[in-house]
Amino acid sequence: MSDVGIGIGPSAPQAGAELAEGLATPRDYIALLKPRVMSLVVFTALAGLLRAPGDLHPLLGFTALLCIAVGAGAAGALNMWWDADIDAVMSRTRGRPIPAGRVSPREALAFGLTLSAFSVVVLGLLVNVLAAALLAFTIAFYVGVYTMWLKRTTPQNIVIGGLAGALPPLVAWAAAAGTVSLEPVLMVAIIFFWTPPHFWALALFRADDYARAGVPMLPVVAGADQTRLQILLYALVLAPVAASPALLGFAGPVYGLVAVLAGAMMVRLAVRVFRTRQGEAAVKAARGLFGFSILYLFALFATLLGEALAAHLVEARPW
Amino acid sequence: MVTSSRTFKPGVDAGGEHGRRRRPPVSANATVRSAPVIHLPRQQGPEDGVVLTPEQSRSRRARSIAIALVLAALALLFYAVTIVKLGPGVLDRPL
């Protein structure tokens, strides 16, 4: 179809399937926003928003979250536009709207650019310029640095590119406080160091998919054993980084306990991945780490969120 | 008056594979350069122009409704944020 070849991706990929013109539904456009990734972004951003000092009006807080969510979704849509050729050959992604032919690449590009601009401008006008600038940087980094540059060129793609996924708490903090400080930077660091073991665990049991798509993920380029070592090293760094908000006095003892216990479990599972290298047990170990890593990040930020909510409640009713 | 020797055949188009029928595209540049005047048929039958399949019509309607809802929600949000930013003090000033 004529729509498909319009400057998408490095090799102007065909989207894989003939475009079913005019059949896109709102659900397809929502899928372009990567709602599951967006939910993680909203969750971590909410923690940043509620932990920040200042008395941002709840409606402005909601507006900031909405803009961050839409900005993240827009970056996801631009990622799908650029990576349509990769998505078409990977089993995990071939059902996405562009490779499935329900949305044309041109429509996805227009959708992503419009929402990117809109989310940044609205955040700048309604909340503050610092948050808008950070959101613009996040979108540009995810699309320009990770998607267009790193993803196809280096096995360190998700390490460096992970910064984009780590920034939402900082953007939300800036929206609420108007400044940035060490505490949101620690939140960013937690997500940043969480990203490699999470995605490399996935890549261990999806290596064939990535190899077929030509994406130089670490297991494809350096092999599974090197990946297992890197996972373990990152898990060993992640556990103390995750505990640091409690150690530095930003978070309470409940968070400290959760961070230590869950961090120990994360390291234990990483050790199991490192030591179990053959057969179905190795796949099971990688899947186990991948699944627990999601739970781990959720537990950390849920506890941060819970502590912030408790503090707000005590502040509202000092009985 | 110069008229184009090319006549339109309404409803015929290569895009018919998806049930869509279009007029042949008219290049604006070509029209300006050679200055032909194209007479479109005054009376067009129901089969002229883009004819969507029922499935395409349903999808378009769903998209239109979604856009309308989003725009309405945004208008409401901007109104509410404006009120919040103005604050209660806006009503408390000398006439």
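In this text the structure is predicted, and so the values were computed from the model without any measurement.

1. As for the overall build of chain B
In step 1: Within chain B, the secondary structure is distributed over two helices and zero strands.
In step 2: Taking all 95 residues of chain B together, 1% fall into the buried category.

2. Notes on the interface of chain B and chain A
In step 1: Taken together, the contacts link 14 residues of chain B with 11 residues of chain A.
In step 2: Broken down by class, the residue content of the side of chain B that touches chain A amounts to seven nonpolar, three polar and four charged.

3. So, the domain arrangement of chain A
Residue and element names in this part refer to chain A.
In step 1: Domain annotation of chain A identifies domain 1 (29–179) and domain 2 (181–310).
In step 2: Placing a centre on the C-alpha atoms of domain 1 and another on those of domain 2 gives a separation of 21 Å.
In step 3: With 27 residues of domain 1 at the interface, the matching set in domain 2 holds 26 residues.
In step 4: Only α2 (35–51), α4 (84–89), α7 (157–166) and α8 (168–177) provide two or more residues apiece to the side of domain 1 that touches domain 2.
In step 5: When residues of the side of domain 1 that touches domain 2 are assigned to their parent elements, the largest contribution, seven residues, is made by α2.
In step 6: The class makeup of the residues in the side of domain 1 that touches domain 2 is 16 nonpolar, seven polar and four charged.

4. Things to note about the environment of L49 of chain A
Residue and element names in this part refer to chain A.
In step 1: As for its position among the elements, L49 is in helix α2.
In step 2: On the neighbour-count criterion, L49 (29 C-beta atoms within 10 Å) is buried.
In step 3: Considering only alpha carbons, one finds L49 and W173, 124 residues apart in sequence, at a separation of 5.0 Å.
In step 4: Those residues in contact with L49 that lie beyond four places of it in its chain are G61, A64, L65, A172, A175 and A176.

5. Some thoughts on the environment of L167 of chain A
Residue and element names in this part refer to chain A.
In step 1: Residue placement: L167 occurs in the loop between α7 and α8.
In step 2: A sequence separation of 32 residues divides L167 from L135, and the C-alpha atoms of the two residues are 8.3 Å apart.
In step 3: Ignoring sequence-local partners within four residues, the contact set of L167 consists of L134, T138 and V188.

6. Quick look at unusual backbone geometry
As a rule of thumb, non-glycine residues mostly have phi less than zero, and peptide bonds are mostly trans rather than cis.
In step 1: For K34 of chain A, which is not a glycine, the phi torsion comes out positive at approximately 50°.
In step 2: For K34 of chain A, the position within the fold is in the loop between α1 (26–32) and α2.

Definitions and cut-offs
Throughout this description, residue numbers start from 1 for each chain and increase along the sequence as written. Note on labels: chains are lettered from A, ligands numbered from 1, in written order. Restriction of local features to residues with pLDDT of at least 70 applies here, the model being predicted, together with a cutoff of 80 or more for giving and counting side-chain atom pairs; totals for whole chains, interfaces and linings are based on all residues. Strands here mean DSSP runs of E at least two residues long; helices mean DSSP runs of H or I at least four residues long; both are numbered from the N terminus. Around each residue's C-beta, the other C-beta atoms within 10 Å are counted; 20 or more make the residue buried, 12 or fewer make it exposed, and counts in between make it partly exposed. All C-beta atoms are placed from the backbone. By definition, residue pairs are in contact when their C-beta atoms, positioned from the backbone, come within 7 Å. Ten residue types, Ala, Val, Leu, Ile, Met, Phe, Trp, Tyr, Cys and Pro, are classed as nonpolar, four, Asp, Glu, Lys and Arg, as charged, and the remainder, Gly among them, as polar. Note that the domain bounds were set by an automatic or database domain assignment.

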